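# Examining the three-dimensional arrangement
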Amino acid sequence: MQRYIRSPLALTLSISLLANFLTACNNAQTPDNTASSPTTTAPGDEGLKLGALLPITGDLAAIGQNMPEAAALAVETINACGGVNGKPVTLVKEDDQTDPAAGASAMTKLAEVDKVAGVIGSFASSVSGAAVDVAVRNKVMLVSPGSTSPVFTDRAKKGDFKGFWARTAPPDTYQAQALAVLAKKKGFQNVATVVINNDYGVGFEREFVSAFDKLGGTITNKQNPVRYDPRAATLDSEAAAAFANQPDAVAAVLYAETGSLLLQAAYKQGLTKGVTVLLTDGVFSEDFTRQVGKGTDGKSIIAGALGTVPGADGQALSAFTTLWKEKTGKDVTAFVPHTWDAAILLMLAAEAAKSNTGEGIQSKIREVANGPGTEVTDACQAIEMIRKGEDINYQGASGNVDIDENGDVVGSYDVWTVNDDGTLKVIDQVTPNQ
């Protein structure tokens, strides 16, 4: 099974898949305007316009910086295969700054000024929560590669989104259960929680507490959950509260900049010794471990910490990994495959609808993502089949991307650990029902 790896471990690449991928896309030239910077189309040009609303700066920048590149590569790839509805696709990139207010403002610009039909974003659940109402109001299809809060499922069930919301990463309903399974598997009986006080942190906490209870575990601070202010300058008291009473482990649902402050505070107070820190996708980055720092022994303060992150095990992962390394020279990092899939799905749906509008994309996105239809992994082959009137079932790099009526997908989870030198290593997989 292929997984995206963030260490020097080599991936076994499929030469045949790569050959098929490159052959399908080799018959056209790549336009120069495919999203290396904000672009606009000429008056009267009805080509598909997409937006990318992702965290280039702010608390999630360490993970988010590769995401716009993945979206741009998807657009470049489809344009090399003839574009959408006979014209090149353009991409307008906006930095949401990992801030809900900035994200809402940028989403408003994308929808009302740039007139995009679809948006890849955002990553932070709090930002997507602020942006999605703008998207729905303007009939813009919003597909997030990483907003995992269960709040979106709840709102979708109420009909709030009218089908203009989907995500290619599974909701924390599942990841929280997976983390609880991991905690139990490791023999932890008494676990405390500390989370960032936003939709992501609080939603994850509630699901984790419920799942760990059902597995027979004890949440030591269940009656007094620790939720920290993402704007706080110091987190000494929150660290003390989270690590109080010597739990076996602390489930910490964090963002990188503020989360590193909390863990530093716990270390300086001598609270981390003998306690395993359980982490999640929000800090799956070696930039985070560098921010946390090392102890007097030269080892990472959180060496031995364990975490979960939505895995990428899609049929298209091998070919995508080869393409990504060829084009960027970098390893595939967390949520990059999910970003690629979000962008590809938007373009396939527009082609299927024969319409470069948000309403057109909304009407066809589940149709191209789910069965029935011929399973296809190559983006160029997929869009060519749609042009010929064939039904497809796109199989992505992140997974099978089967989107349900609430805009959700179900995924697998990689288990990762922090090495002594602060590097990260994927060591296992875990599923909610294991």
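A brief look at the structure comes next. (Residues numbered from 1 in each chain as written. Predicted model: local features only at pLDDT ≥ 70, side-chain atom pairs only at ≥ 80, totals over all residues. Heavy atoms only, no water.)

### Some remarks on the pattern of salt bridges
Tallied over the entire structure, the rule returns 18 salt bridges. One network of salt bridges, with partners in common, ties together Glu94, Lys109 and Asp114. (Salt bridge = Lys/Arg side-chain N within 4 Å of Asp/Glu carboxyl O.)

### Examining the sheet that holds strand S3 (residues 118-121)
Ordered in space as S2-S1-S3-S4-S5, the 5 strands form an open sheet in which the pairing is parallel. On the outer flanks of this sheet lie strand S2 (90-95) and strand S5 (165-167), each paired with one strand and no other. Geometrically, the sheet is characterised by an average inter-axis angle of 20 degrees between neighbouring strands, direction not taken into account. Here strand S1 (residues 49-54) pairs with S2 via 6 bridges, running parallel. In the strand pairing of S2, Ala52 is matched with Lys93. The sheet strands contacting helix H3 (residues 67-80) are S1, S2 and S3, and the helix crosses S2 at an angle near 175 degrees. Of the strands in this sheet, S1, S3, strand S4 (141-144) and S5 touch helix H5 (residues 125-137), which is tilted by about 160 degrees from S4. (Pairing = 2+ DSSP bridges. Helix = DSSP H or I, 4+ residues; strand = E, 2+ residues; numbered from the N terminus. Axes fitted to C-alpha atoms, helices over the stretch in contact; angles between N-to-C directions. Contact = heavy atoms within 4.5 Å.)

### Regarding the environment of Asp408
Summarising the element assignment, Asp408 is placed in the loop between strand S13 (392-394) and strand S14 (413-418). By relative accessible area, which is 5% here, Asp408 ends up buried. For the pair Asp408 and Pro171, spaced 237 residues apart in sequence, the C-alpha separation works out to 6.9 Å. A polar atom in the side chain of Asp408 sits 2.8 Å from the side chain of Arg167. (Buried < 20%, exposed > 50% of the residue type's maximum accessible area, 1.4 Å probe, protein only. Polar contact = N/O pair within 3.5 Å; in protein donor to acceptor, adjacent residues only side chain to side chain.)

### Here's the deal with helix H10 (residues 256-268)
Compared with an ideal rise of 1.5 Å per residue, which puts 13 residues at 18 Å, H10 spans 18 Å between its outermost C-alpha atoms and is within 8% of the ideal. Buried residues of H10: Ala256, Thr258, Gly259, Ser260, Leu262, Leu263, Gln264, Ala265 and Ala266, and no others. Phi turns positive, to about 70 degrees, at Gly270, one or two residues after H10. (Expected span 1.5 Å × (residues − 1).)

### Points about the packing of H3 against helix H12 (residues 317-328)
At a minimum axis distance of 11 Å, the contact between H3 and H12 shows a crossing angle of 100 degrees. As judged from the angle between their axes, H3 and H12 are roughly perpendicular. In contact with Glu69, Ala70, Leu73, Glu76 and Thr77 of H3, H12 contributes Phe320, Leu323, Trp324, Lys327 and Thr328. Classifying every residue of the contact of H3 with H12 by side-chain character gives 5 nonpolar, 2 polar and 3 charged. (Parallel < 35°, antiparallel > 145°, perpendicular 65-115°, else oblique. Nonpolar A, V, L, I, M, F, W, Y, C, P; charged D, E, K, R; others polar.)

### What about the state of the cysteines?
If you walk through the whole model with that rule in mind, you get 1 disulfide. The disulfide bridge from Cys81 ends at Cys380, spanning 1.8 Å between sulfur atoms. Judged by the torsion about the S-S bond (45 degrees), the Cys81/Cys380 disulfide is right-handed. Remark: Cys380 occurs in helix H15 (residues 379-387) and Cys81 occurs in the loop between H3 and S2; sequence separation between them is 299 residues. Looking at Cys380, the relative accessible area reads 4%, which means it is buried. (Disulfide = S-S within 2.5 Å.)

### Details of the packing of aromatic side chains
For the coordinates displayed, the defined rule picks out 10 aromatic pairs. Arranged with centres 4.4 Å apart and planes meeting at 15 degrees, the rings of Phe152 and Trp165 form a pair that is stacked. In this pair, Phe152 sits in helix H6 (residues 151-157) while Trp165 sits in strand S5, placing the two residues 13 residues apart along the sequence. The burial state of Phe152 is the same as that of Trp165; both residues are buried. (Phe/Tyr/Trp six-rings, centres within 6.5 Å; stacked < 30°, edge-to-face > 60°.)

### Observations concerning the packing of helix H13 (residues 336-353) against helix H14 (residues 358-369)
At a minimum axis distance of 7 Å, the contact between H13 and H14 shows a crossing angle of 110 degrees. Here H13 lies roughly perpendicular to H14, going by the angle between them. Along its contact with H13, which presents Leu345, Leu346, Leu348, Ala349, Ala350, Ala352 and Ala353, the element H14 presents Gly360, Ile361, Ser363, Lys364, Ile365, Val368 and Ala369. Looking at the contact of H13 with H14, its residues break down into 11 nonpolar, 2 polar and 1 charged.

### Observations regarding the pairing of strand S11 (residues 306-310)
In terms of burial, S11 is a largely internal element, 5 of the 5 residues being buried. The alternating pattern of S11 places Leu306, Thr308 and Pro310 on one face and Gly307 and Val309 on the opposite face, and all of these are buried. Pairing of strand S10 (residues 276-279) with S11, which is carried by 2 bridges, proceeds in the parallel orientation. Note that in S11 the partner of Leu278 across the bridge is Leu306. Between the parallel pair S10 and S11, the chain is carried across by helix H11 (residues 286-292), and the sense of this crossover is right-handed. Pairing analysis gives 5 bridges linking S11 to S14, with the strands arranged antiparallel. (Right-handed = clockwise from strand over helix to strand, strands pointing away.)

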